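# Coordinate analysis (summary)
Below are the chains, spelled out letter by letter.
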Amino acid sequence: MFQSEYQQRLLPGVAGGKREDLDLRCIPTRAGNHWNRNFVNAPGNSSVCESSVYSCLLRNEFLDENITSLENCEESVQVHGQTDDFRNRHNRIFGFASGSSPPVRTPFVNISESSQRLLSIFKRPVRRLPRRPYKILDAPELQDDFYLNLIDWSSKNTLAVGLGCSVYLWSAVSGQVTRLCDFNNEDNLITAVSWHGEGRHVAIGTQSGYVTIWDAESQKQMSRLDEHSARVTALAWCGNQLASGSRDRSILQRDVRNPPTHITRCLRGHKLEVCGLQWSPSNRYLASGGSDNRLLVWTDDRPEPIYAFDEHKAVVKALGWSPHKSGLLASGGGSADRCLRFWNVLTGKLVKCINTGAQISNLAWARDSRELVTTHGHAQPQVIAWRYPSLKQVARLSGHTQRVLHLSVSPDNESIVTGGADETLRFWTVFTKQKISKEPNSVLRLFNGIR
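What you see is a predicted model, and the numbers here were worked out from it, not measured in a lab.

Reading the values: the criteria
Residues numbered from 1 in each chain as written. Predicted model: local features only at pLDDT ≥ 70, side-chain atom pairs only at ≥ 80, totals over all residues. Heavy atoms only, no water. Pairing = 2+ DSSP bridges. Helix = DSSP H or I, 4+ residues; strand = E, 2+ residues; numbered from the N terminus. Axes fitted to C-alpha atoms, helices over the stretch in contact; angles between N-to-C directions. Polar contact = N/O pair within 3.5 Å; in protein donor to acceptor, adjacent residues only side chain to side chain. Contact = heavy atoms within 4.5 Å. pLDDT = per-residue confidence, 0-100. Phe/Tyr/Trp six-rings, centres within 6.5 Å; stacked < 30°, edge-to-face > 60°. Buried < 20%, exposed > 50% of the residue type's maximum accessible area, 1.4 Å probe, protein only. Lys NZ or Arg CZ within 6 Å of the ring centre and 35° of its normal.

The strands that make up a sheet pair up through hydrogen bonds in the backbone, lying either parallel or antiparallel. Read from one edge to the other, the open sheet built from 4 strands follows the order β14-β15-β16-β17, with strand pairing classed as antiparallel. Looking at the sheet topology across the chains shown, the edges are occupied by β14 (274-279) and β17 (307-309). The sheet shows a mean angle of 20° between the axes of neighbouring strands, taken without regard to direction. As judged from the 5 bridges shared by strand β15 (residues 285-290) and strand β16 (residues 295-299), these two strands associate in the antiparallel manner. Paired with L286 across the strands is W298, a residue of β16.

If you want it as structure tokens, here you go:
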């Protein structure tokens, strides 16, 4: 009777044909197989990325691991694929020869939830953003002041920029530059600019504490709003309502159709300068940030803030409401904080927090994708695009030689412009425009031939 080497090793007492009523089975040894390492293809394969994903699928299904992201796949390649003894393709289990593509897209039946998540991430198209600005403009006398808000992009594709004591308009269509106003005779610096939603009128805050509203088409001043006793550094429109924040720690809300002396509301909650203001998309909430490290949320029906968040450890200037989820507010802290935080104002709870490693001066959400951008100052003068809610970085855009202080989004929501302490304006492509699916042409379509 023939006996395998496994039987002779495992059952030495039955050698020579003496079975003694034992049930002999061929049981191969698996002790030296190193399954987890042999799943990985050799380095240098043209399909390393896909191979690593496939190997991670096998690890999930055969070894009960829980790999759900490409980052974990890359780590598995580094950890399990660097041993020279297993680089030979003859010693790999489930290996593929160079030039062949692993069947990543082969449908699996009843695969684990972690593998399903891994496949869905792997199929997501990779977006490659240009790392350099597509346009750079000189901005002499652009103030190096973290608290100011000196650029804004209108719905009519015109950029307003506060330079020194003047406000200039730059047309993104024609490239023409015009000077809208000049306060040099008063030695009055521009501290904030903000376009009305229709893109014709622009509000301008000044060092002296008053706000002027100008008609950009006729280049004439329409009104002057006083009552602030210190410089105005934040402006936010809500229809015909204009909110202004000042170093005098107050927020004044006015209807620009009323006489300039008429004040709708005066909000007092900050202990120091108010440098950030933004209305929610529904116009129900007004968020304000200040140099007292506080983030306040206001509503029209209460004179006091409904929430006062004190988690930030530095100035809160960067504010942004999500256009995708109701009540989701993002805020960024200054140099001593460096954290990007997300709040649910419907519940008053902190949703997420991440340390960006640098001073956050501004932030803006994408309109057509679940992404946002932040601009940074000390330590890392750059622009970072984030994916929400994973908070994975899409790209880091560098170019400013000094801290990035100002940010505005183009009307088509594809580009942003940033202003830095290096006195330049840089234009970047960061967001994608949502593609509208075309309706197929068919003779069965109703009204197809009607003009």
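Right, let's get into the side chain of S288. Within the secondary structure layout, S288 lies in strand β15. Side-chain polar atoms of S288 contact the side chain of H270, separated by 2.8 Å. Within polar-contact distance, the side chain of S288 engages the side chain of W298 at 3.0 Å. Not counting residues within four places of it along the chain, the set of residues in contact with S288 comprises I251, H270, G276, L277, R294, L295, L296, W298 and L319.

Right, let's talk about the confidence of the model for the protein for a bit. For the protein, mean pLDDT is 83; residues scoring 70 or higher make up 73% of the total. Of the regions scoring below 50 in pLDDT, residues 77-106 engages in 53 contacts with residues more than four places distant in sequence or in other chains. Below pLDDT 50 for its whole length, residues 436-440 participates in 2 contacts with residues either more than four positions away or in separate chains.

The 4 strands lie next to each other as β6-β7-β8-β9, forming an open sheet whose pairing is antiparallel. The strands lining the two open edges of the sheet, one partner per strand, are β6 (190-195) and β9 (220-225). Across the sheet, the mean angle from the axis of one strand to that of its neighbour is 25°, orientation sign disregarded. In terms of strand pairing, strand β7 (residues 201-206) meets strand β8 (residues 211-215) through 5 bridges, oriented antiparallel. Bridge pairing in β8 places G205 opposite V211.

The final tally for this structure, using the stated rule, is 11 aromatic pairs. Pairing Y134 with F427 gives two aromatic rings, centres 6.1 Å apart and planes at 50°, and the pair type is tilted. Of the two residues, Y134 sits in the loop between α5 (113-122) and β1 (135-138) while F427 sits in strand β28 (residues 424-429), which places them 293 residues apart along the sequence. A residue is classified by how much of its surface remains accessible, and Y134, at 45% relative accessible area, is partly exposed. Look at W170 and F427: their rings are 5.1 Å apart centre to centre, the planes differ by 45°, and that puts the pair in the tilted class. With W170 in strand β4 (residues 166-171) and F427 in strand β28, this pair connects stretches of sequence that are 257 residues apart. Each member of the pair W170 and F427 is classed as buried. Site record: aromatic cluster; members linked through ring pairs are Y134, W153, W170 and F427. Directly above the ring of Y210 sits R224, whose terminal nitrogen or CZ lies 3.6 Å from the centroid.

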